[in-house]
Amino acid sequence: EEQLVEDFALRQALQQLTPRLRLIVEERFFGEKTQSELAARFGVSQVQISRLEKAALSQLREILHEQT
C-alpha cells in the first residue's frame with residue numbers, strides 16, 4: 001500500500017513538469033534511454049540533456065517535498 005501511495009505521488013509530481021522535462025525523465029528512468037539517445041531525439045547536446053535532467057529531478061524533489 002505504501003508503494004502505491006509513493007507511485008501515485010510520483011505520477012502527480014511528474015504531471016507538474018513541463019512536457020519536455022516529463023518526457024526526459026520518463027524516457028531516462030522508465031524507458032531506460034541514455035542521455036545520448038535523448039540528445040539525438042531532441043536535437044541537442046548530451047550536456048544539454050544532462051542539464052535538463054538535473055533541473056527536472058530538482059523540481060521533482062521540491063514538488064514531492066511540498067506534498068509531505
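Everything that follows concerns the structure shown earlier in this document.
Just so we're clear, the structure is a prediction, and the values are computed from it rather than from any experiment. (Residues numbered from 1 in each chain as written. Predicted model: local features only at pLDDT ≥ 70, side-chain atom pairs only at ≥ 80, totals over all residues. Heavy atoms only, no water.)

What follows concerns the overall build of the protein chain. Broken down by element type, the protein chain carries four helices and zero strands. Ordered by position from N to C terminus, the α and β elements of the protein chain give α-α-α-α. In terms of overall dimensions, the protein chain has C-alpha extents of about 40 × 20 × 15 Å along its principal axes. Within the protein chain, the fraction of its 68 residues that count as buried is 26%. Long-range contacts, defined as pairs at least 24 residues apart, comprise 50% of the intrachain contacts of the protein chain with a sequence gap of at least 6. Of the roughly 4,900 Å² of accessible surface on the protein chain, 51% is carried by carbon and sulfur atoms. Across the protein chain, the mean location of the 9 positive side-chain charges is 11 Å away from that of the 11 negative side-chain charges. (Helix = DSSP H or I, 4+ residues; strand = E, 2+ residues; numbered from the N terminus. Buried < 20%, exposed > 50% of the residue type's maximum accessible area, 1.4 Å probe, protein only. Contact = heavy atoms within 4.5 Å. Areas by Shrake-Rupley, 256 points an atom, 1.4 Å probe, with all protein chains shown as cover. Lys, Arg positive; Asp, Glu negative; His and termini not counted. Charge placed at Lys NZ, Arg CZ, Asp CG, Glu CD.)

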